[in-house]
Amino acid sequence: MAAISVHRFALCITCHSWSPDRSMVAFCPNSNEVHIYRLSEDKWERAYVLQKHDQIVSGIDWSARSNRIVTVSHDRNSYVWNLEGSEWVPTLVILRLNHAALCVQWSPQENKFAVGSGAKTVCICYYELENNWWVSKLIRKRHNSSVTSVAWHPNNILLATTSTVGKCRVFSTFIKGVDTRDSDAGASADAKFGEQILQLDLSYSWAFGVKWSPRGNTLAYVGHNSMIYFVDDVGPSPLAQNVLLCGLPLRDVLFISERMAVGVGFDCNPMVFAADESGIWNFIKFLGERKTSSFSGPKYGSQFSEAFGKFYGQSRQGTSNNGVPQVISLLTMIECCTSCIVSLEESGSSSTRRFSTSGVDGNIVIWDLENSEDLLEFL
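Only a predicted model underlies this, so the values are computations on that prediction, with no experimental measurement involved. (Residues numbered from 1 in each chain as written. Predicted model: local features only at pLDDT ≥ 70, side-chain atom pairs only at ≥ 80, totals over all residues. Heavy atoms only, no water.)

When helices and strands are tallied, the chain shows 1 helix and 30 strands. For the chain, contacts bridging at least 24 residues in sequence account for 48% of all contacts bridging at least 6. Accessible surface, the chain as shown: approximately 18300 Å² in total, 47% of it carbon and sulfur. (Helix = DSSP H or I, 4+ residues; strand = E, 2+ residues; numbered from the N terminus. Contact = heavy atoms within 4.5 Å. Areas by Shrake-Rupley, 256 points an atom, 1.4 Å probe, with all protein chains shown as cover.)

Spelled out as structure tokens, the structure:
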């Protein structure tokens, strides 16, 4: 079992993010508040409650370098929180949205952050030193549906998005005076702000959870049609492949290394995917263990009820080779849909051994792959 600890914080968790030293965690308990818990003497204690939004907080990201928290909400607003003394002080960010803000993420250099929304718009926000406030520039021409997730490329310029019409797009977010031209960015280095670099039409259902690999060589996202998509050589001629799941759809994905990724979703059990030496991605295993246990059914008082009970038991529980009914129990630490997966490694790390998940059950589960010998070849 890769899960090392389970912490129940609320009845439901919308999203969560960790402090730079991983001693505190911020999450939304499916309300308009953000709760921050601190680990003290092996116990989690509530340290702060951030109250500024009017509706459900849909996105949280805690910057690793500057120790700032950005939040977005269905109330169409965003706040950047700075710790001043013993209090978190919010600064309003004008997003100019007419529908809910759905997701948010700091850029790798933390000089910008991106907000996806139900207004068919992506907001690229940055700090304007002259006026001492956060401003936003909008990417609105290409999207024709809600933007469900955003992900920054390591070069701090490219941004990937997913939407409810199944499309995954990559845009340039270069802002003069904020960014610098980098020759490592390739052909996209000369692209203007908001210019679309790539559009992927691989899914015909809602798409979620877009992520870049640590080096930015591979892009992954998931679809509500129980598919996960991997795209190499992002550019004019991308190499795309998909993996069909045998279970329920995923909601989010995280790259563990350049060759391995973990997906979480409605199956309540993290799924590991890896690429072989030829670059073909495949499903490897569930992180949660599956265990089979014997089950003794009730004794019935008549032949009819006994026969009916046997038939009913077989249809619901399955039957072993010797005719004994069995119950297949999934021994994971997750009870409901998992909607969020976050790395616990330092920003910019080439691989991820530890990560956390959260979802509808209100648990934050910490996972560690250090002792997973069957996965070490992909790390």
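Overall, the coordinates contain 20 aromatic pairs when judged by the stated rule. Look at F255 and W281: their rings are 6.1 Å apart centre to centre, the planes differ by 80°, and that puts the pair in the edge-to-face class. With F255 in strand β22 (residues 250-257) and W281 in strand β25 (residues 281-286), this pair connects stretches of sequence that are 26 residues apart. Comparing F255 with W281, the two get one shared label, buried. Grouped by ring-pair contacts, the aromatic residues F230, F255, F273, W281, F283 and F286 constitute a single cluster. K137 extends its terminal NZ or CZ atom over the ring of F193, reaching a point 4.5 Å from the ring centre. (Phe/Tyr/Trp six-rings, centres within 6.5 Å; stacked < 30°, edge-to-face > 60°. Buried < 20%, exposed > 50% of the residue type's maximum accessible area, 1.4 Å probe, protein only. Lys NZ or Arg CZ within 6 Å of the ring centre and 35° of its normal.)

What follows deals with the confidence of the model for the chain. For the chain, the average pLDDT comes to 85, and 84% of its residues sit at 70 or higher. Within the model, the stretch residues 290-331 combines pLDDT values under 50 with 34 contacts to residues more than four positions away or in other chains. (pLDDT = per-residue confidence, 0-100.)

The next subject is the side chain of N155. Mapped onto the elements, N155 comes out in the loop between β14 (147-152) and β15 (158-163). For N155, a relative accessible area of 16% corresponds to the buried category. Here I157 takes part through its backbone nitrogen, which lies 2.8 Å from a polar atom of the side chain of N155. (Polar contact = N/O pair within 3.5 Å; in protein donor to acceptor, adjacent residues only side chain to side chain.)

Below, the discussion takes up unusual backbone geometry. Even without a glycine there, the phi angle at E41 is positive, about 55°. Take E41: it is sitting in the loop between β4 (33-40) and β5 (43-51).

Across the sheet, which stays open at both edges, the 4 strands sit in the order β22-β23-β24-β25 with antiparallel pairing between neighbours. Each end of this open sheet is capped by a strand with a single partner; those strands are β22 and β25. Put simply, the sheet's adjacent strands are angled 30° from each other on average, direction ignored. Summarising the sheet, strand β23 (residues 260-265) and strand β24 (residues 271-275) pair through 4 bridges and their orientation is antiparallel. The partner of M260 across the bridge, within β24, is A274. (Pairing = 2+ DSSP bridges. Axes fitted to C-alpha atoms, helices over the stretch in contact; angles between N-to-C directions.)

Another aspect to go through is the pairing of strand β19 (residues 218-223). Counting buried residues along β19, 6 of its 6 residues qualify, which places the element largely inside the surrounding structure. Across the two faces of β19 the burial is the same, with T218, A220 and V222 and L219, Y221 and G223 all buried. Bridge count between strand β18 (residues 207-212) and β19: 4 bridges; the pairing is antiparallel. When the sheet's bridge partners are listed, K211 is paired in β19 with A220. Between β18 and β19, which pair antiparallel in sequence order, lie 5 residues; one of them, G216, sits at a positive phi of approximately 80°. Note: β19 against strand β20 (residues 227-232), 6 bridges, orientation antiparallel. Looking at β20, one finds that G223 is bridged to M227. If you look at the hairpin formed by β19 and β20, you'll find 3 residues sitting between the two strands, and S226 has a positive phi there, around 60°.

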